[in-house]
Amino acid sequence: MKSKNYSIVVLRIVAVWKKVVLGKSVETIGDWALSCPALEEINFPEALRFVGSGSLFGGCPWYDNLPDGVIYASKLALVYKGDCPSKVALKAGTKAINRSCFYGCEELENVVIPNGIEYIGKTAFYGCEKLKSVTVPKSVTKIEEYSFGYTNETVYDEQNYYSYDIDVRIDGFVIYGYKDTEAERYAKENEISFVALEENTELLWDTDGDGKITIIDATYIQRYLVHLKVLSFYAELADVNG
């Protein structure tokens, strides 16, 4: 199956499709639009910024044969497959983080979002209760609702005898970013603590993504330079000059 260059792809479930070719300007794949159980091969255009629920997430050979970790669809961080570790670094060149990409990653404590990311989807980091802070680069122009600093809490209605979940902010969550940016807007609108970074702050040296340059960062960079073993999470970040 080959699509035309439409921005939004809405396709019926076709059990026999094994290959899908998307047009180069496709930006959005709707919910359940590509729920193809026989799919083995698909190309992703660089323009892609969103893949909806029920599309490509399990149940087809293309997804099932991929190794655990962040699954990328060209420049879109699509979803985390498998058990999420405590630290994740998105690869350089990533332009967007999909809706619910890290939803419910309970062990995630630290994520590095590289400069160049433009879009962070709804509930991208929802339910990541151990994630207490994030550094948002200046390149981000849109952060959807509940992306950072939220989880759910179960409430019991004693009068009507039923339980339901509500969205609650994670206590002590902090967003590091730059003044007058999307990061500051999101933090203020959601009443989340915001720490402004200096305009000339160079985060290439921030190997652990905490918005600060510390002795820990220096140690990892030194180990990298003398070719000592560095955890894969830090290796790309320690290579500060590429």
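Predicted model only: the values in this text are computed from it and were never measured. (Residues numbered from 1 in each chain as written. Predicted model: local features only at pLDDT ≥ 70, side-chain atom pairs only at ≥ 80, totals over all residues. Heavy atoms only, no water.)

Asks: Could you give an account of the side chain of K81, with specific residues and numbers?
Replies: Relative to the helices and strands, K81 resides in strand β7 (residues 76–81). Buried charged residue K81 carries no salt bridge. Nearest counter-charge: D68, at 4.6 Å. Polar side-chain contacts of K81 include one of 2.9 Å to the backbone oxygen of Y63. Polar contacts involving the side chain of K81 include one to the main-chain carbonyl oxygen of L66, which spans 2.5 Å. Residue contacts for K81: discarding those within four places in its chain leaves Y63, D64, N65, L66, P67, D68, G69 and I71. (Helix = DSSP H or I, 4+ residues; strand = E, 2+ residues; numbered from the N terminus. Buried < 20%, exposed > 50% of the residue type's maximum accessible area, 1.4 Å probe, protein only. Lys, Arg positive; Asp, Glu negative; His and termini not counted. Salt bridge = Lys/Arg side-chain N within 4 Å of Asp/Glu carboxyl O. Polar contact = N/O pair within 3.5 Å; in protein donor to acceptor, adjacent residues only side chain to side chain. Contact = heavy atoms within 4.5 Å.)

Asks: Can you break down the pattern of salt bridges residue by residue, with the values?
Replies: Under the criterion given, the structure shown has 9 salt bridges. Across the pair K19 and E41 runs a salt bridge, and its minimum N-O distance is 3.9 Å. Here K19 is found in strand β2 (residues 19–20), whereas its partner E41 is found in strand β4 (residues 41–42), with 22 residues between them in sequence. Residue class for E41 comes out partly exposed when judged on its relative accessible area of 44%.

Asks: I'd like to hear about a nonpolar patch on the surface, residue by residue, with values.
Replies: There is a patch of nonpolar side chains on the surface, built from Y162, Y164 and I166 and spanning about 260 Å² of accessible area. On the secondary structure map, I166 appears in strand β15 (residues 162–169). Taking relative accessible area as the criterion, I166 reaches 30% and is therefore assigned partly exposed. (Patch = residues over 30% accessible without salt bridge, like charges linked within 9 Å, V, L, I, M, F, W, Y side chains within 5 Å. Areas by Shrake-Rupley, 256 points an atom, 1.4 Å probe, with all protein chains shown as cover.)

Asks: Tell me about the sheet that holds strand β11 (residues 119–120), residues and numbers included.
Replies: Pairing in this open sheet of 5 strands is mixed, and the strands run β6-β7-β9-β11-β13 from one edge to the other. If you trace the sheet from one side to the other, it starts and ends with β6 (69–73) and β13 (142–143), each paired once. For β7 and strand β9 (residues 96–97), the ladder comprises 2 bridges, and the chain directions are parallel. Pairing of A77 across the sheet is with I97, part of β9. (Pairing = 2+ DSSP bridges.)

Asks: Hey, could you go over the sheet that holds strand β17 (residues 193–196) for me, with residue numbers and the actual values?
Replies: Judged by pairing direction, the sheet is parallel, and its 3 strands sit side by side in the order β12-β16-β17 without closing on themselves. The sheet is open, and its two edges are formed by β12 (133–135) and β17, each paired on a single side. When strand polarity is set aside, the average angle formed by the axes of neighbouring strands in this sheet is 20°. Inspection of the sheet shows β12 paired to strand β16 (residues 174–177) by 3 bridges, in the parallel sense. The residue of β16 that forms the bridge with V134 is I175. (Axes fitted to C-alpha atoms, helices over the stretch in contact; angles between N-to-C directions.)

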